[in-house]
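# Notes for the structure review
Read off the chains here:
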Amino acid sequence: DIQMTQSPSFLSASVGERVTLSCKASQNINKYLDWYQQKLGEAPKLLIYNTNNLHTGIPSRFSGSGSGTDYTLTISSLQPEDVATYFCLQRNSWPFTFGSGTKLEIK
Amino acid sequence: QVQLKETGPGLVQPTQTLSITCTISGFSLTSYYMQWVRQTPGKGLEWMGFIRSGGSTEYNSEFKSRLSISRDTSKNQVFLKMNSLKTEDTGVYYCARGGPGIPFAYWGQGTLVTVSS
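First, a word on what this report is: a plain description of the structure on this page. Since the model is a prediction, treat every value here as computed from it, not as a measurement.

What follows concerns the state of the cysteines. Residue and element names in this part refer to chain B. Following the criterion strictly, the structure yields two disulfides over all chains and no others. Here Cys-22 pairs with Cys-95 through a disulfide, and the sulfurs are 2.1 Å apart. Between Cys-22 and Cys-95, the S-S torsion sits near 70 degrees, and that sign places the bridge as right-handed. You can see Cys-22 sitting in strand 3 (residues 18–25) and its partner Cys-95 sitting in strand 9 (residues 91–97), a full 73 residues away along the chain. The exposure classification of Cys-22 matches that of Cys-95, with both residues buried.

Shown next, in the form of structure tokens:
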């Protein structure tokens, strides 16, 4: 199985700050990497799919990049409503696997 | 619009069988794959398996021996059944639409399952 390692586990940042979250796969996942935002008590919400494609309705301050085993989610200017836990998901091969998440808070 | 909603038993006793129904609207089960994902305190988010638009299934080997996914296209419902439940199976179970090559863009609200005697 492909292991997905997210870092950091917890991040505290200020409103307006640029934030970068990392997801590392245990082997090449060919850019089949999605990012989800999960707020407390809600289902995961798709933000980015296939590394760098912004899902419909997602603000342009969210962006994704990466290749091979290393992927990044960037929030260009952190907003209060971005407080959530962020997960990555690899869909390159079964079993699909999620990272353990980065919990993002406002400083 | 696309909607998914899970309904489950809430509380299940250890060793018993879990049955959850995902009722969809706004699209056809014969056009999309349907996924099952769970979120537990011990392991976080786990992909469990999917049923293809054609009706065949794939399972995470972690659950393969005790998991079954099926559907009733006439009722727009997808079913998850998992037997031999343990306390570690306690968590929120989600259905989602997505695959192959299509991300999980639509999710149900999730249903909380507690395994306890």
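The next subject is the nonpolar core. Residue and element names in this part refer to chain B. The biggest cluster of nonpolar side chains holds 23 residues, and the ones touching the most others in it are Met-34 and Trp-36. For this core, the elements supplying multiple residues, two or more each, are strand 3, strand 4 (34–40), strand 5 (44–51), strand 7 (67–72), strand 8 (77–82), strand 9 and strand 11 (111–115). No other element matches strand 3, which puts four residues into this core.

Residue and element names in this part refer to chain A. Spatial ordering of the open sheet is given by 1-3-8-7, a layout of four strands whose pairing is antiparallel. Taken across any chain shown, the strands that pair with only one partner, and hence form the sheet edges, are strand 1 (4–7) and strand 7 (62–67). Ignoring strand direction, the axes of neighbouring strands in this sheet form an average angle of 20 degrees. Of the strand pairs in this sheet, strand 3 (residues 19–25) and strand 8 (residues 70–75) are connected by six bridges, and their pairing is antiparallel. The partner of Val-19 across the bridge, within strand 8, is Ile-75.

All names here are of chain A. Structurally, Gln-90 is set in strand 9 (residues 84–90). There is a polar contact of 3.1 Å between the side chain of Gln-90 and the backbone oxygen of Ser-93. A distance of 3.1 Å separates a polar atom in the side chain of Gln-90 from the backbone oxygen of Pro-95. When near neighbours in sequence (up to four residues on either side) are disregarded, Gln-90 contacts Ile-2, Met-4, Ile-29, Tyr-32, Leu-33, Pro-95, Phe-96 and Thr-97.

What follows deals with the pairing of strand 7 of chain B. When a strand is regular, its side chains alternate between the sheet's two faces. All names here are of chain B. With six bridges joining them, strand 7 and strand 8 adopt antiparallel strand pairing. Looking at strand 8, one finds that Arg-71 is bridged to Val-78. The hairpin formed by strand 7 and strand 8 contains four residues between the paired strands, and Asn-76 there has a positive phi angle of roughly 55 degrees.

In this section: the packing of aromatic side chains. Scanning the model with the defined rule gives 12 aromatic pairs over all chains in all. For the ring pair Tyr-36 of chain A and Phe-98 of chain A, a centre distance of 6.5 Å and an interplane angle of 50 degrees mean the geometry is tilted. Of the two residues, Tyr-36 of chain A is situated in strand 4 (residues 33–38) and Phe-98 of chain A in strand 10 (residues 97–98); the sequence distance between them amounts to 62 residues. The interplanar angle of 35 degrees and the centroid separation of 6.4 Å between the aromatic rings of Phe-62 of chain A and Tyr-86 of chain A together place this pair among those described as tilted. Remark: Tyr-86 of chain A occurs in strand 9 and Phe-62 of chain A occurs in strand 7; sequence separation between them is 24 residues. Judged by relative accessible area, which is 0%, Tyr-86 of chain A ranks as buried. In textbook terms, an aromatic cluster arises when at least three aromatic residues are bridged by ring pairs, as seen for Tyr-36, Trp-94, Phe-96 and Phe-98 of chain A together with Tyr-33, Trp-47, Phe-50, Tyr-94, Phe-104 and Trp-107 of chain B. The cationic tip of Arg-97 of chain B hangs over the ring face of Phe-27 of chain B; the distance from NZ or CZ to the ring centre is 4.9 Å. The ring of Tyr-32 of chain B has Arg-97 of chain B lying over it, and the distance from NZ or CZ to the ring centre is 3.6 Å.

What counts, and at which threshold
- Per chain, the residues get numbers from 1 upward, laid out in the order the sequence is written.
- Each chain gets a letter, beginning with A, and each ligand a number, beginning with 1, in the order they are written.
- Owing to the predicted nature of the model, reporting of local features is limited to residues with pLDDT of at least 70; listing and counting of side-chain atom pairs is limited to 80 or more, with chain, interface and lining totals taken over all residues.
- To obtain the side-chain values, all non-hydrogen atoms of the structure were included, while hydrogens and water were left out.
- Two cysteine sulfurs form a disulfide in these notes if their separation is within 2.5 Å.
- Comment: elements are numbered from the N terminus, with helices defined as DSSP H or I runs of at least four residues and strands as E runs of at least two.
- Burial here depends on accessible area, computed with a 1.4 Å probe over protein chains only, as a share of the maximum for the residue type. Under 20% is buried, over 50% is exposed, and the range in between is partly exposed.
- The definition of a nonpolar core used throughout is a set of buried Ala, Val, Leu, Ile, Met, Phe, Trp, Tyr and Cys residues joined through side-chain atoms within 4.5 Å.
- A pair of strands is treated as paired once DSSP finds two or more bridges between them.
- Here, axes are lines fitted to C-alpha atoms. For helices the fit covers the stretch in contact, and angles between N-to-C directions go from 0 to 180 degrees.
- Whenever two N or O atoms come within 3.5 Å, that pair is a polar contact, provided that in protein one can donate a hydrogen and the other can accept it, and provided that, for residues adjacent in sequence, both atoms are side-chain atoms.
- The criterion used for residue contact is that any of the two residues' heavy atoms lie within 4.5 Å.
- Each aromatic pair joins two rings of Phe, Tyr and Trp (for Trp, the six-membered one) with centres within 6.5 Å, and gets the label stacked for planes under 30 degrees apart, edge-to-face for over 60, and tilted for any other angle.
- Definition used: whenever NZ (Lys) or CZ (Arg) falls within 6 Å of the ring centre and also within 35 degrees of the ring normal, the charge is taken to sit over that ring.

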